[in-house]
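Understanding the architecture of this molecule
One letter stands for each residue in the lines below.
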Amino acid sequence: MTDTNQASQGPAEPDYDGLLRANLESVFNERDADRRAAALNELFVAEPLMYEPTNVVQGRAAISAVAGNLLDQFGPTFRFIPIGRAVGHHGLGSLRWEAGPEGGSVVVTGMDVAEVVGGRIARLWVLLNPPAA
């Protein structure tokens with residue numbers, strides 16, 4: 001007799017929380033371009049896509065450039081901080097975050113939503129919350 005519950009569950013789920021937190025810390029908070037590139041090689045598929053509100057970014061090098069430019073633009077203490085734990089299932093995970101200067105006011109909040117293939121991020125949507133009124 002087959003266990004239908006096991007058959008319907010499919011393969012084991014990836015660690016969404018670990019993967020999306022590593023993306024924030026090792027890619028979007030990493031100021032060293034070589035370390036950021038190494039993290040992208042580990043965390044992302046070979047040809048990832050990132051969807052920003054006004055842009056579609058293709059490839060690891062382009063995602064690294066976007067992360068580096070953000071850090072340069074917002075200053076030396078700017079950081080992304082995860083809010084709660086990432087959740088996900090069936091290859092789709094999400095993690096809420098906030099960002100701003102360390103010890104300062106939060107300047108932006110949002111959520112990363114990732115399609116995960118083979119334990120790596122294949123597509124990443126960066127969703128920004130509207131500014132508080």
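Check the entry above for the structure.
These notes cover the structure that comes with them. All of these numbers come straight from a predicted model, not from anything done at the bench.

Rules and cut-offs
- Residues numbered from 1 in each chain as written.
- Predicted model: local features only at pLDDT ≥ 70, side-chain atom pairs only at ≥ 80, totals over all residues.
- Heavy atoms only, no water.
- Phe/Tyr/Trp six-rings, centres within 6.5 Å; stacked < 30°, edge-to-face > 60°.
- Buried < 20%, exposed > 50% of the residue type's maximum accessible area, 1.4 Å probe, protein only.
- Core = buried A, V, L, I, M, F, W, Y, C linked by side-chain atoms within 4.5 Å.
- Helix = DSSP H or I, 4+ residues; strand = E, 2+ residues; numbered from the N terminus.
- Contact = heavy atoms within 4.5 Å.
- Arc of directions from axis to C-beta.
- Salt bridge = Lys/Arg side-chain N within 4 Å of Asp/Glu carboxyl O.

1. Observations concerning the packing of aromatic side chains
- Within the structure shown, the criterion is met by five aromatic pairs.
- Where Phe-78 meets Phe-80, the ring centres are 5.3 Å apart and the plane angle is 90°; that geometry is what we call edge-to-face.
- On the accessibility criterion, Phe-78 (3% relative accessible area) is buried.
- Given the relative accessible area of 8%, Phe-80 is considered buried.
- Through a chain of ring-to-ring contacts, three or more aromatic side chains come together here, namely Phe-28, Phe-74, Phe-78, Phe-80 and Trp-97.

2. Remarks on the nonpolar core
- One finds Val-27, Phe-28, Phe-44, Met-50 and Leu-124 to be the most contacted residues of the largest nonpolar core, which totals 27 residues.
- Mapped onto this core, the elements with two or more residues apiece are helix H2 (16-28), helix H3 (33-43), strand E1 (44-52), helix H4 (60-74), strand E3 (78-89), strand E4 (92-101), strand E5 (108-117) and strand E6 (120-128).
- Of the residues forming this core, the biggest block, six residues, is contributed by H2.
- Excluding residues within four positions of it along the chain, Leu-124 makes contact with Asn-23, Phe-28, Phe-44, Leu-49, Met-50, Tyr-51, Asp-112, Val-113 and Ala-114.

3. Describing H3
- For H3, the full list of buried residues reads Arg-36, Ala-39, Leu-40 and Leu-43. Around the axis of H3, the buried residues are gathered within 100° of arc, so they sit on the same side. The exposed set on the far side of H3, more than 90 degrees from its buried face, consists of Asp-34 and Glu-42.
- Residues of H3 that are buried in the fold lie against H2, E1, H4 and E6.

4. What to know about the pattern of salt bridges
- Counting across every chain of the model gives five salt bridges.
- Across the pair Glu-25 and Arg-79 runs a salt bridge whose closest N-O atoms are separated by 2.7 Å. Highlighted residues: Glu-25 in helix H2 and Arg-79 in strand E3, separated in sequence by 54 residues.
- Through salt bridges with shared partners, one network takes in Asp-17, Arg-21 and Arg-85.

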